[in-house]
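Fold and geometry: a report
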Number of protein chains: 2
Amino acid sequence: MHIKTVLTESEIPKQWYNLAADLPTPLQPPLGPDGNPITPEMLAPVFPMNLIEQEVSQERWIDIPEEILDILYKWRPTPLHRARALEAYLATPARIYYKNESVSPPGSHKPNTAVAQAWYNKKFGIKKITTETGAGQWGSALAFACSIVGLECKVYMVRISFDQKPYRKTMMQTWGATCIASPSEETKAGRDILAKMPDTPGSLGIAISEAIEEAVSDPKGETRYSLGSVLNHVLMHQTVIGLEAKKQLEKAGEKKVDIVVGCAGGGSNFAGLAFPFVNDKINGANIEIIPVEPSSCPTMTRAPFSYDHGDTAKMTPLLPMYSLGHDFIPPPIHAGGLRYHGMAPLVSQGIVEGLLAPRALHQVECYQAALTFARTEGIICAPETSHAIATVIQEAKKAKEEGKEKVILFNMSGHGLLDLTGYQNFLAGKLKDYPLPEAEMQQSLKGLENLPKPKTQKTGKW
Amino acid sequence: MHIKTVLTESEIPKQWYNLAADLPTPLQPPLGPDGNPITPEMLAPVFPMNLIEQEVSQERWIDIPEEILDILYKWRPTPLHRARALEAYLATPARIYYKNESVSPPGSHKPNTAVAQAWYNKKFGIKKITTETGAGQWGSALAFACSIVGLECKVYMVRISFDQKPYRKTMMQTWGATCIASPSEETKAGRDILAKMPDTPGSLGIAISEAIEEAVSDPKGETRYSLGSVLNHVLMHQTVIGLEAKKQLEKAGEKKVDIVVGCAGGGSNFAGLAFPFVNDKINGANIEIIPVEPSSCPTMTRAPFSYDHGDTAKMTPLLPMYSLGHDFIPPPIHAGGLRYHGMAPLVSQGIVEGLLAPRALHQVECYQAALTFARTEGIICAPETSHAIATVIQEAKKAKEEGKEKVILFNMSGHGLLDLTGYQNFLAGKLKDYPLPEAEMQQSLKGLENLPKPKTQKTGKW
């Protein structure tokens, strides 16, 4: 009667899995403003070269340095739980498992890459990292990582979140980071925006611009920028989740997984769990792999596959991805981590190739699922994670209708203890959905009109 | 190089340890208003009989029912960490270990007893549990436990915390509990207070009175009251912490522990870690065992050992304990869980017998220690836990001065992610200490004047 499967120190994965090595069609390169592929050297002012090498690597397995393992081991391997109480509540024949990434000190999966990125920057001689944060989960994780590795950390936090979530700022400061509201007076990008719109609530796009500007304009060249999702190396750092899960399912006596689910904003927590199973699927396994997004920010389910900028200010290279357009302003849903106009290139290509089956949900259904999960399994999940849980409940009910003993696995990407406002509104009956009108989306998609289109097409194999 | 020691499912303790069986002098009984010992039957309207039996048990080991283990296993065994980064920062020859109880879904050690109490109530046929909560940690833990076991839960939360900490209330509601501000209109005790003091911020004493009143006045007799600390059975339920720690230290290659530290409000997290080591000390081991309290609420270090009521309204029996008097109103320090006028009878008698060496600290030193811990070990601890960490730092520095390789163990009783206001104030330089003037304490001690004195005296053996 396994309800939790743990691994010992020696069973922690020693290598990251790089899906880029196994994609049926090679990943399309990032492009510069001239439409030509970006070279590693062009990224050097923004990222340290050791991470750029990972970003473009075609190696299937990349060794995790001992020093990084040593830090990950503070909370890894994370437990794999069997959700028996949820199964009983749903009276489903499905067996539901979840990886519990909420046990990390910052409370989510984010430190898996934050620690790796901080360590590689430090090794490269960098003294300071800048980044942006929306809801605050990524900023907290990077502050934690920099504190442990010994780096300065500066976080540009979107103004509206900075004001609404003072505790996230306190977390970052407790770990020694500087956290300021964006737009700020500290960068040209920030000052320009403030001159035009002194009362702007800010946006992730502006905050990215400020963080990159500060990194590239350090006269000593000792500052770099760090991103918490979307990029290849960030997704790769998260694959420890799925690699552990595979070992744990085996220990739990499961020979096969039928359905793998993760919520997807930029794509990193989904990829972390799913990519090792995508590898199985490429090699012939019959698995349904589902990234879930909010219906009000329907990147994967309604937007085209295109080249687009990662930020509103168009400072980043063009990336091949499903995108609602870099001008897209998502509605104020509580899942701040899922409010992003694009989707990681690796996840995007997985969708194009037919390896992944994306789905979109509205937040009220997700909060109802989160409540069910809290009252059965006992964990209060992050608003982002609730999208995965709602999908799992849909699939468990379907398994019941079909009378099939399916094995379902999902990623409990983080706890919601710093995001309880959404629960408060839901319990008070005040939460609402934000359907995205077609006209509004088409308006935003105009931002893609003159941008190149990637060549990858559906292989028809999956 | 052990930095974390984990146990598997099969290594979870299967029995609780009951220190009452091993105390050199038998524990003094609780007394009724007439000065005569309380009988188990007299407690029956308040607690279910199966827990009353545990409360008065003299058995050394009590089996943990399988069904309780099954719930505890959601997060237990908890990891034992070696605090290598803190050791390096302090340049101490001491080896510092901590049990990480913050990985439970409510984020503290409290669910260890909440789950057990909810389960025994359910088994006894009870439908609803009432309790009080101050800072909200206990209320959250009981709400979590009742949700899993399937019981109604009603929490009377001290008005000032109810208003200041809306997120704690949301946590409890998410787990299906009812949480109302105390004093309330729902009980006679509450209405009486509100009539006299409509603007009172409330107190733990008042909240206890309301919770007990609701329990004992259920006409169907299906409601009972639950306490999160102080009582014998509550402390016993926490001993899984220390029992696991002993196995883990052995796995980590440690043959002997020199110093054991825990913060102490009512005494349950301290007892949970320390009592299995107190047993070793009774049997001849040379261990210094330190409960730590706030200097502004100096129960163990400045108050007398006396009989006293557990609540301000004198509804509870008289318990033999170190007490500042049931009228004592502690200053507004951030460690809400350590603001209690008394101390668990089992911990109190351990002090009288010389088995424990209590210590008191002011909060600014504790927050400094918490910051050091967050920036070395990476965990943001609860304000209560910071008292243990500050003591460990004192002892690690002493070991350095003495050049001794001491082994120090403490309980990381909970995380501080829902109590970040204290960190905010500390980082802003606004935090202050609250020394307790002797005259003020003497005034409060007058409440003990006409109460009986327990017979237990120091044996002189330790």
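Nothing here was measured: the structure is a model prediction, and the numbers come from that model.

**Quick notes on the overall build of chain A**
A count of helices and strands for chain A gives 19 helices and 15 strands. Whereas a compact globule of 462 residues would reach a radius of gyration of roughly 23 Å, chain A reaches 21 Å, a difference of no more than 12%. Considered along the principal axes of its C-alpha atoms, chain A spans approximately 60 × 50 × 45 Å. Accessible area of chain A: about 16,000 Å², with a carbon and sulfur share of 52%. The distance from the centre of the 47 positive side-chain charges to the centre of the 49 negative ones in chain A is 4 Å.

**A few points about the packing of aromatic side chains**
Residues and elements named next belong to chain A. Scanning the entire structure with this criterion turns up 24 aromatic pairs over all chains. Between Tyr98 and Phe373, the aromatic rings sit 5.1 Å apart at their centres with planes inclined by 70°, giving edge-to-face as the arrangement. Of this pair, Tyr98 sits in strand E5 (residues 95-100) while Phe373 sits in helix H16 (residues 363-376), and the two are 275 residues apart along the sequence. Consider the rings of Tyr367 and Tyr423, whose centres lie 5.3 Å apart with planes at 85°: the pair is edge-to-face.

**Some remarks on the relation of the copies chain B and chain A**
With an RMSD of 0.0 Å, chain B superimposes on chain A once it is rotated by 180° and translated 0.0 Å along the axis. As the rotation angle and translation indicate, the two copies are arranged about a two-fold axis. When C-alpha positions in chain B are compared against the rotation axis, the closest is assigned to Val103 of chain B, at 2.9 Å. Comparing contact sets, 100% of the residues at the interface of chain B also lie at the interface in chain A, consistent with an isologous, same-surface contact.

**So, the interface of chain B and chain A**
The partner chain A presents 43 residues to the 43 residues of chain B that form the contact. Surface buried jointly by chain B and chain A totals about 3,800 Å² across both partners, of which 56% is contributed by carbon and sulfur atoms. Taken together, chain B and chain A are joined by four salt bridges. Here chain B is connected to chain A by 22 residue pairs in polar contact (both at pLDDT 80 or more). Elements with a minimum of two residues in the side of chain B that touches chain A: helix H6 (137-149), helix H8 (166-174), helix H16 (363-376) and helix H18 (421-427) of chain B. The greatest single-element share of the side of chain B that touches chain A, amounting to six residues, is contributed by H8 of chain B.

**Considerations on the pairing of strand E12 (residues 305-309) of chain A**
All names here are of chain A. Within E12, five of the five residues are buried, leaving the element largely enclosed by the surrounding structure. Along E12, one buried face is formed by Phe305, Tyr307 and His309 and the opposite face, lined by Ser306 and Asp308, is buried too. Bridge analysis of E12 against strand E13 (residues 318-322) gives five bridges, and the strand direction is antiparallel. Considered in E13, the bridge of Ser306 is made with Met321.

**Looking at the packing of H16 of chain B against helix H17 (residues 385-402) of chain B**
Helices that pack against each other are described as a pair by the angle of their axes relative to one another and the distance between those axes. Residue and element names in this part refer to chain B. Two elements in contact, H16 and H17, have axes separated by 8 Å at closest approach and are oriented at 80°. Regarding the angle of H16 to H17, the classification is roughly perpendicular. Contacts from Glu365, Cys366, Tyr367, Ala369, Ala370, Thr372 and Phe373 of H16 reach H17 at Ser386, His387, Ile389, Ala390, Ile393 and Gln394. Among the residues making up the contact of H16 with H17, the classes are represented as eight nonpolar, four polar and one charged.

**Some remarks on the packing of helix H12 (residues 240-251) of chain B against helix H13 (residues 268-282) of chain B**
All names here are of chain B. One can describe the packing of H12 onto H13 by two numbers: an axis separation of 6 Å at closest approach and a directional angle of 65°. For the element pair H12 / H13, the angle class is roughly perpendicular. For the pair formed by H12 and H13, the contact residues are Ile241, Gly242, Leu243, Ala245, Lys246 and Leu249 on the first element and Gly272, Leu273, Pro276, Phe277 and Asp280 on the second. Residues that form the contact of H12 with H13 fall into these classes: seven nonpolar, two polar and two charged.

**Focus: helix H19 (residues 438-445) of chain A**
Three- or four-residue spacings in an α-helix give side chains the same orientation, since the helix completes a turn every 3.6 residues. Residue and element names in this part refer to chain A. Of the residues making up H19, those classed as buried are Met441, Ser444 and Leu445. For H19, the angular spread of buried residues about the axis comes to 100°, placing them on one side. Of the residues in H19, the exposed ones pointing more than 90 degrees away from the buried face are Ala439 and Gln443. Where H19 is buried, its residues contact helix H14 (299-302).

Rules behind the numbers
Residues numbered from 1 in each chain as written. Chains lettered and ligands numbered in written order. Predicted model: local features only at pLDDT ≥ 70, side-chain atom pairs only at ≥ 80, totals over all residues. Heavy atoms only, no water. Helix = DSSP H or I, 4+ residues; strand = E, 2+ residues; numbered from the N terminus. Rg over C-alpha atoms; globule rule 2.2 N^0.38 Å. Areas by Shrake-Rupley, 256 points an atom, 1.4 Å probe, with all protein chains shown as cover. Lys, Arg positive; Asp, Glu negative; His and termini not counted. Charge placed at Lys NZ, Arg CZ, Asp CG, Glu CD. Phe/Tyr/Trp six-rings, centres within 6.5 Å; stacked < 30°, edge-to-face > 60°. Least-squares fit on C-alpha atoms with pLDDT ≥ 70 in both. Contact = heavy atoms within 4.5 Å. Buried area = accessible area lost by both parts, 1.4 Å probe. Salt bridge = Lys/Arg side-chain N within 4 Å of Asp/Glu carboxyl O. Polar contact = N/O pair within 3.5 Å; in protein donor to acceptor, adjacent residues only side chain to side chain. Buried < 20%, exposed > 50% of the residue type's maximum accessible area, 1.4 Å probe, protein only. Pairing = 2+ DSSP bridges. Axes fitted to C-alpha atoms, helices over the stretch in contact; angles between N-to-C directions. Parallel < 35°, antiparallel > 145°, perpendicular 65-115°, else oblique. Nonpolar A, V, L, I, M, F, W, Y, C, P; charged D, E, K, R; others polar. Arc of directions from axis to C-beta.

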